Amino acid sequence: MDFAWTSAEQAFRERLRAFLAKTLPEDWERFSQHGPASPALTRYAETFCGALAREELLTPHWPVEIGGQGQDPWHQAILAEEMWIAGEPRGGQYMNVNWIGPTLIKYGSEEQRARYLPPIAEGRALWCQGFSEPGSGSDLASLRTRAVRDGDDYVVNGQKIWTSYAGLADTCFLLCRTSDDRKRGITILLVPMDTPGITVRQIPSIIGEGDIHEVFFDDMRVPATARLGEEGQAWEIIAYSLRNERLGIPRYALARAALDRAVAILRERGDFAREAVRIEAAQAAALCEAARLASYAIVTRRAEGEVVGQESSSARYATVLCERTVAEFVVEHVPEALADAHPYLKMHHQRGIVAGIAAGAAEIQLNIIASDVLGLPREPR
Ligand SMILES: Cc1cc2nc3c(=O)[nH]c(=O)nc-3n(C[C@H](O)[C@H](O)[C@H](O)COP(=O)(O)OP(=O)(O)OC[C@H]3O[C@@H](n4cnc5c(N)ncnc54)[C@H](O)[C@@H]3O)c2cc1C
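Residues numbered from 1 in each chain as written. Predicted model: local features only at pLDDT ≥ 70, side-chain atom pairs only at ≥ 80, totals over all residues. Heavy atoms only, no water.

**Student:** Explain the pairing of strand β7 (residues 212-223) to me, and be specific about the residues and the numbers.
**Tutor:** By the bridge criterion, eight bridges tie strand β3 (residues 153-161) to β7 in an arrangement that is antiparallel. Paired with V156 across the strands is M220, a residue of β7. (Pairing = 2+ DSSP bridges. Helix = DSSP H or I, 4+ residues; strand = E, 2+ residues; numbered from the N terminus.)

**Student:** Give me the packing of helix α8 (residues 251-268) against helix α10 (residues 312-333): which residues, what numbers.
**Tutor:** Describing two packed helices takes the angle between their axes plus the distance from one axis to the other. As a packed pair, α8 and α10 sit with axes 9 Å apart at the nearest point and diverge in direction by 20 degrees. On the basis of the axis angle, α8 is roughly parallel to α10. Between α8 and α10 lies a crossing of left-handed hand. Between α8 and α10, the contacting residues are R251, Y252, A255, A258, L259, A262 and L266 on the first element and T319, C322, E323, V326, F329, V330 and H333 on the second. Looking at the contact of α8 with α10 residue by residue, the class counts come to 10 nonpolar, two polar and two charged. (Axes fitted to C-alpha atoms, helices over the stretch in contact; angles between N-to-C directions. Parallel < 35°, antiparallel > 145°, perpendicular 65-115°, else oblique. Left-handed = near helix turned anticlockwise from the far one by under 90°. Contact = heavy atoms within 4.5 Å. Nonpolar A, V, L, I, M, F, W, Y, C, P; charged D, E, K, R; others polar.)

**Student:** Let's hear about the UniProt feature "domain: Acyl-CoA dehydrogenase/oxidase N-terminal" (unreviewed entry) in the protein: which residues, and what values?
**Tutor:** Per the UniProt record, "domain: Acyl-CoA dehydrogenase/oxidase N-terminal" (unreviewed entry) is found at residues 7-123. For the annotated span residues 7-123, helix accounts for 66% and strand for 0% of the residues, and the straight-line distance between the end C-alpha atoms is 28 Å. (UniProt positions renumbered as here; feature names shortened; annotations may be inferred.)

**Student:** Give a description of a nonpolar patch on the surface that names residues and reports values.
**Tutor:** A cluster of nonpolar residues, V373, L374 and L376, forms a patch on the protein surface that exposes about 270 Å² of accessible area. Following the sequence through the fold, V373 ends up in helix α12 (residues 362-373). Judged by relative accessible area, V373 falls into the partly exposed class, the value being 36%. (Patch = residues over 30% accessible without salt bridge, like charges linked within 9 Å, V, L, I, M, F, W, Y side chains within 5 Å. Areas by Shrake-Rupley, 256 points an atom, 1.4 Å probe, with all protein chains shown as cover. Salt bridge = Lys/Arg side-chain N within 4 Å of Asp/Glu carboxyl O. Buried < 20%, exposed > 50% of the residue type's maximum accessible area, 1.4 Å probe, protein only.)

**Student:** Describe the site of the ligand, naming the residues involved and giving the relevant values.
**Tutor:** As a matter of local geometry, the ligand sits amid 18 residues, with Q129, S132, S138, W162 and E363 nearest to it. Between S138 and the ligand, the recorded distance is 2.6 Å, taken from a side-chain N or O atom to an oxygen atom. Measuring from a nitrogen atom of the ligand, one finds a side-chain N or O atom of S164 at 2.9 Å. When residues of the shell around the ligand are assigned to their parent elements, the largest contribution, three residues, is made by α12. Its residues assigned to classes, the shell around the ligand shows 10 nonpolar, seven polar and one charged. For the shell around the ligand, the domains that each give at least three residues are domain 2 (128-232) and domain 3 (250-373). (Near = heavy atom within 4 Å. Polar contact = N/O pair within 3.5 Å; in protein donor to acceptor, adjacent residues only side chain to side chain. Domains from an automatic or database assignment.)

**Student:** So what's going on with the pairing of strand β4 (residues 171-177)? Which residues, and what values?
**Tutor:** With seven of seven residues buried, β4 is to be regarded as a mostly interior element. Going residue by residue along β4, you find T171, F173, L175 and R177 tucked away on one face and C172, L174 and C176 tucked away on the opposite face as well. Sheet topology note: the strand β1 (residues 127-130)/β4 ladder contains four bridges and is parallel. Considered in β4, the bridge of Q129 is made with F173.

Below is the structure:
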């Protein structure tokens, strides 16, 4: 087995590093503490992604015909690692290029692809993901926001919650109930956020200003042409989307970079000589490495053309473990980082505290591993 990068992959990584060094502002590390979905970072991300797009580095894994370079999943993984190590300056654009774009490529109508793909490929679109509702987070299939067909339109009523980017997004990838069948009764609508009947309220949060929101739909009307795929096809489509999303978030790379910075600080002040500290650092480094390799196992299968299913939950859970362990190491040994002494470590902590909640709770990943990967019996209800 060969763990080395090819010269083309190594050159791609170097090119990304040079781009980041040349493009990010000098005070980037402090600036990035505004929070991953804050208005400040979201606005900066648009400029940054425009520059990435001009260098053909925004959607290298997309097909050539629609603005990509047709590169393999390894290039996608390297791109994501370098962006995360830099504190994800793409902001919410990561969603567009990782999963919203690829989902539209696979399931969108010609009109939807023509309308939505070019702005994503140029780095000037901002989407939000309207999935979770009060009482429907882990149990997404219980969602109740209802879309009722009325002539050529759908009329939508209900509420979403924890919606990142909703305050600034131009389009919502919205899950609605169109019939009472738990999974086959859910339909996706692509909804412009300036449609009358939408109200967005910000929820104050420790992750940063403007990060998460409640979104209310009161008799909101959209044409049936806003539907992605068929009525009731949402469950199949989001299974495809989330597989792409999960491949695209290498939190282990940022965690490892934060750990290395923390160790450098401890070494400099003579605190790394203590054996207990060294053991904790080694355990955290081993978890980061395990998460990286678990993720690479998935990328390998993708690169070989296989469809990867629930096994990606193992890589996700390994990543949550390493994120949490590094965050705890920093809180324990470099606590002043969180009081602004070390902006990079504070930024990692901010990103790390939601690992294992956002994009699906860690315990749910364990359930999936137990039932779908290991085939363990379920407890009778
Ligand atoms: C920063 C942030 C950004 C987010 N952005 C978005 C967004 O843009 N769009 C969006 O739609 N959502 C978003 N979310 C919501 C996120 O997807 C949900 O928080 C997540 O799915 C968990 O759902 P919940 O909050 O309803 O918790 P619950 O599902 O109520 O879970 C609460 C706890 O119970 C545990 N639990 C629940 N069911 C089980 C079970 N069957 N077995 C074992 N344990 C269980 C969970 O693991 C968790 O620890 C975001 C969340 C955060 C924190």
